[in-house]
Amino acid sequence: MNNRNVILFVIGSVILLAGQFWLSSRYAKPAARIEAQQVAPAPAKAAQETASPAAAPTAPAAQAQTGVKTANPADLHTLSSGDLTLTWQVATGALKQVAWRQDGTLFFPDAFVGLGSMKGTGFETVREERSSSSTAVIFENTSGERLTYSVPAQGHVLKVEAVSPSHAALQLVSNPTQDEPVKGLGRVFTLTEKGVEAVTWAEMLHDPFFSFLGAKRKVLPPTAERLGVDAGLEKDSKSQRNHYFAALWKLPRPAGRDAGGYELLSQNGRLDASLYLGPKKAEPLLAFEKPFTQVIDYGFFGAVSHLLFWILKKVHALVGNWGWAIVLFTLIIRLATWHLNTKQTISMLRMKDFEPHQKALQAKYEKFGNDMTKKAEMQKELMALYKKNGHNPMGGCLPMLLQMPIFLALWSMLNNVFELRHAPFFGWITDLSAKDPYFIFPVLMGGSMFAQQAMTPAVGDPAQRKIMLVLMPVMMTFMFAQSPAGLTIYYFVFNVIGMAQTWWIMRSYQPQPIVL
């Protein structure tokens, strides 16, 4: 690739990105309610035909049930436990908001319609019954409808029970028709023993990029006995990239699913469920039920991520600081891949030895111009030269390819593990899960990448190398400027150790004569 091709590639990439934004704005249509996919039969027809208060929280629920005068829709009830602060809408019994008491993180946007409301039922009063281990928050009306949340003094799992003479369903997760109720949230998902089915709210509420070619927007995942949504809105964040919390339902039977969302139908006028409200952390999720650990998104190389995080936790147990644990962890990874990196560097040095002979061979065939037959002969002669000297020209690429799963697994792991959230390192790095506020480590990372490339043996077109020498570090610096500080620290340390390794190899390398 010459200079002209590199410039054309950059210009083409910019044009494609601009075209994508233009087409997205041109073809994106307002969200419309999805068609019903699966409607579970209701014991009482009247309960299914009435509108859900959760779908329209500003309307008095009394309109859905004759003879019941519900509370004012603006009335809220709040309860604080050891870990959570919970807020319900009294009129519907919907859990509208959850706050993580440790740092005040909110689970849902203000317009969120809530979890756990009774369809077609409104409540008049709310009361509490306290015990040494939990507090029961009870919503009631004069028709005998009752919805109870048992909140533990410590912990993340609520018991939800309901009594409904009208056989009303429990609205587990509502499917909105616009972005506002779920703005900032990530995915809605259902889980089985075999895996997790997940769809982002944006994928369901907006037409895809290729909608003009017939692509359809996505719909709610298939129903199951386990389902939930990503949660957690970071303070002072315009966009939520990582969701460190979840709201998860564990049900006695698969939920019903229709265009309005997921619901649990009553049996003999009664129903019960469990609701997890807490961090995506392996230990509490495993205690809730093993399949729920799948909500921790480790990416495509999940097994590798699990192993690497296990190592990172062991290191943290020794040093007690996640930042220093990442530094030592990086050293371990570098030592584990030391042989591969050595082979890669030596292969590039060896290619440098072949370069004069390669140029002589190219000069020999230059007179034939673009004759493909002669180019094939030149390539065959060059490969014979490599073979005679026992050199594999792909030897420098193979170690890099073998390290790609580790690279991607680390990226996914360090971006998503709850343990790094708000974890301090030193000085200005007070949160390893957030970007470096002064961009110091991204700049250091870019500088170390430039230095390492400058040290690496130069092969190929010198002009192209000069362009990439600057272009790649600049691109990586801008990309890592918005990445979690923990990830940036990892790659900075990784590069520094790589520079030391490259220096040592080049210092001790002895060129070998080329056999012609």
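Residues numbered from 1 in each chain as written. Predicted model: local features only at pLDDT ≥ 70, side-chain atom pairs only at ≥ 80, totals over all residues. Heavy atoms only, no water.

Draft legend 1. Structural detail: the packing of helix α10 (residues 440-455) against helix α12 (residues 485-508). Where α10 contacts α12, the axes come no closer than 9 Å and their chain directions differ by 20°. As judged from the angle between their axes, α10 and α12 are roughly parallel. As α10 runs across α12, the sense of the crossing is left-handed. Touching Phe 441, Pro 442, Leu 444, Met 445, Ser 448, Met 449, Ala 451, Gln 452 and Met 455 of α10 are Thr 488, Ile 489, Tyr 491, Phe 492, Asn 495, Gly 498, Met 499, Thr 502, Trp 503 and Met 506, all from α12. (Axes fitted to C-alpha atoms, helices over the stretch in contact; angles between N-to-C directions. Helix = DSSP H or I, 4+ residues; strand = E, 2+ residues; numbered from the N terminus. Parallel < 35°, antiparallel > 145°, perpendicular 65-115°, else oblique. Left-handed = near helix turned anticlockwise from the far one by under 90°. Contact = heavy atoms within 4.5 Å.)

Draft legend 2. Seen up close, the nonpolar core. One finds Phe 108, Leu 172, Val 173, Trp 249 and Leu 277 to be the most contacted residues of the largest nonpolar core, which totals 50 residues. Per element, the largest residue contribution to this core is four residues, and it comes from strand β17 (residues 270-279). Judged by nonpolar contacts, the second largest core, of 45 residues, contains Trp 322, Ala 409, Tyr 490 and Phe 492. (Core = buried A, V, L, I, M, F, W, Y, C linked by side-chain atoms within 4.5 Å. Buried < 20%, exposed > 50% of the residue type's maximum accessible area, 1.4 Å probe, protein only.)

Draft legend 3. Focus on the packing of aromatic side chains. Evaluation of the coordinates by the stated rule reveals 27 aromatic pairs. Ring geometry for Phe 329 against Tyr 490: centres 6.3 Å apart, planes inclined by 45°, an arrangement best described as tilted. Of the two residues, Phe 329 sits in helix α6 (residues 322-336) while Tyr 490 sits in helix α12, which places them 161 residues apart along the sequence. Of the two residues examined, Phe 329 and Tyr 490, each falls in the buried class. Residues Phe 480 and Tyr 491 carry aromatic rings whose centres are separated by 5.3 Å and whose planes lie at 70° to one another, so their mutual orientation is edge-to-face. Here Phe 480 is found in helix α11 (residues 462-480), whereas its partner Tyr 491 is found in helix α12, with 11 residues between them in sequence. (Phe/Tyr/Trp six-rings, centres within 6.5 Å; stacked < 30°, edge-to-face > 60°.)

Draft legend 4. Structural context of the side chain of Thr 85. Residue position: Thr 85 is located in strand β2 (residues 84-89). A polar contact is formed between the side chain of Thr 85 and the side chain of Ser 80, at a distance of 3.1 Å. Those residues within four positions of Thr 85 in sequence are excluded, and the remaining contacts are Thr 78, Leu 79, Ser 80, Gln 97, Val 98, Ala 99 and Arg 101. (Polar contact = N/O pair within 3.5 Å; in protein donor to acceptor, adjacent residues only side chain to side chain.)

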